[in-house]
Number of protein chains: 2
Amino acid sequence: MKPLPRPTESELAILQILWENGPSTVRFVNETLNQEREVGYTTTLKLMQIMAEKGLVLRNTASRTHIYRPAISEPETQRGLLDKFVDTAFRGSAIKLVMQALGPHKASKEELAAIKAMIEAKEKDNQ
Amino acid sequence: MKPLPRPTESELAILQILWENGPSTVRFVNETLNQEREVGYTTTLKLMQIMAEKGLVLRNTASRTHIYRPAISEPETQRGLLDKFVDTAFRGSAIKLVMQALGPHKASKEELAAIKAMIEAKEKDNQ
DNA sequence: GCCTTACTACGAAACTTTTCGTAAATAAAT
DNA sequence: ATTTATTTACGAAAAGTTTCGTAGTAAGGC
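Treat the numbers as computed from the prediction; the structure is a model and nothing was measured.

Asks: Explain the overall build of chain A here, please?
Replies: Scanning chain A for helices and strands turns up six helices and two strands. Of the regular secondary structure in chain A, the N- to C-terminal order runs α-α-α-β-β-α-α-α. Compactness check: chain A gives a C-alpha radius of gyration of 19 Å against a globular reference of 14 Å for 127 residues, more than 25% above the reference. The principal-axis extents of the C-alpha atoms in chain A amount to approximately 60 × 35 × 25 Å. Split into buried and exposed, the 127 residues of chain A put 37% on the buried side. In chain A, the proportion of contacts linking residues at least 24 apart, taken out of those at least 6 apart, comes to 46%. Accessible area for chain A stands at about 7500 Å²; split by element, carbon and sulfur atoms hold 51% of it.

Now the structure itself:
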């Protein structure tokens, strides 16, 4: 099994709709996309067909209207994209990326506590 | 002044060489790139010319061999790329990105301390 | 049954990014 | 001075991504 390719930006937008809403038709995906910006129906269809070829989505073709679903989870996908991004934009330094990401961001008490907990766990690992 | 466009992946690779080594010639940049993968000299030249047009780099054309330098700092560039990336890959949630990035990463004591300090500073802000 | 609508398949155009070949100019080497 | 090497400029091909038009086929409404 060859590993799945990273999705392109448009493909990612489609995957996000599938992750959020579960297995969906092209029409539903297209209508959801159109809440953001205008996209032709066949444009969405074509993209989803390409994604099926690449293995990024699976589709049930039992009925005439095909049902698409993601072939990979959102966290797995994010991991792949993040690894690439850390390499290209931060020369491999995840820490620098974290600092940059935290910098201007308004975080809630709970979020900060969660990160802190994670860091404290890692500090224990280090010993 | 229009804000500078985000660099593409290849452009980013060139910027990184300039950030790391200071003002450089096309030849130097090309040779550095070639340590990673084979790229033709005119390919690198063309990219750098395009970057100059876009305003991503500045060049000194006083002597025949032009000297290029970045027009924007690495952190500024990273910030722009990160904002876009958080939006597209993490649907705007910087916190999720941070958690993902910290997850598998081996961090040193000092790095963890630095992040922790930043978080504690933010916790104070919140109150 | 017939017409309208909805869906998939396919191909190609449009756009972006990357790659490189060729030509012209300048400098260096012999 | 002539040749050789180095550099920029330019244009266009190649590759990747996104967009959509057209055709064919199945389904639904009348």
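Structure's up, so let's keep going.
Asks: Hey, could you run me through the protein's contact with DNA strand D in this one?
Replies: In the vicinity of DNA strand D there are 20 residues, among which Thr8(A), Ser10(A), Arg27(B), Tyr41(B) and Arg64(B) approach most closely. A share of 62% is what sugar and phosphate atoms reach among the atoms of DNA strand D within 4 Å of the protein. Residue Thr8(A) places a side-chain N or O atom 2.6 Å away from a phosphate oxygen belonging to DNA strand D. In this structure, a phosphate oxygen belonging to DNA strand D sits 3.1 Å away from a side-chain N or O atom of Arg59(B). Elements with a minimum of two residues in the surface near DNA strand D: α1 (9-21) and α3 (41-54) of chain A together with α2 (26-34) and α3 (41-54) of chain B. The leading source of residues in the surface near DNA strand D is α3(B), at five residues. Among the residues making up the surface near DNA strand D, the classes are represented as three nonpolar, nine polar and eight charged.

Procedures and definitions
Residues numbered from 1 in each chain as written. Chains lettered and ligands numbered in written order. Predicted model: local features only at pLDDT ≥ 70, side-chain atom pairs only at ≥ 80, totals over all residues. Heavy atoms only, no water. Helix = DSSP H or I, 4+ residues; strand = E, 2+ residues; numbered from the N terminus. Rg over C-alpha atoms; globule rule 2.2 N^0.38 Å. Buried < 20%, exposed > 50% of the residue type's maximum accessible area, 1.4 Å probe, protein only. Contact = heavy atoms within 4.5 Å. Areas by Shrake-Rupley, 256 points an atom, 1.4 Å probe, with all protein chains shown as cover. Near = heavy atom within 4 Å. Polar contact = N/O pair within 3.5 Å; in protein donor to acceptor, adjacent residues only side chain to side chain. Nonpolar A, V, L, I, M, F, W, Y, C, P; charged D, E, K, R; others polar.

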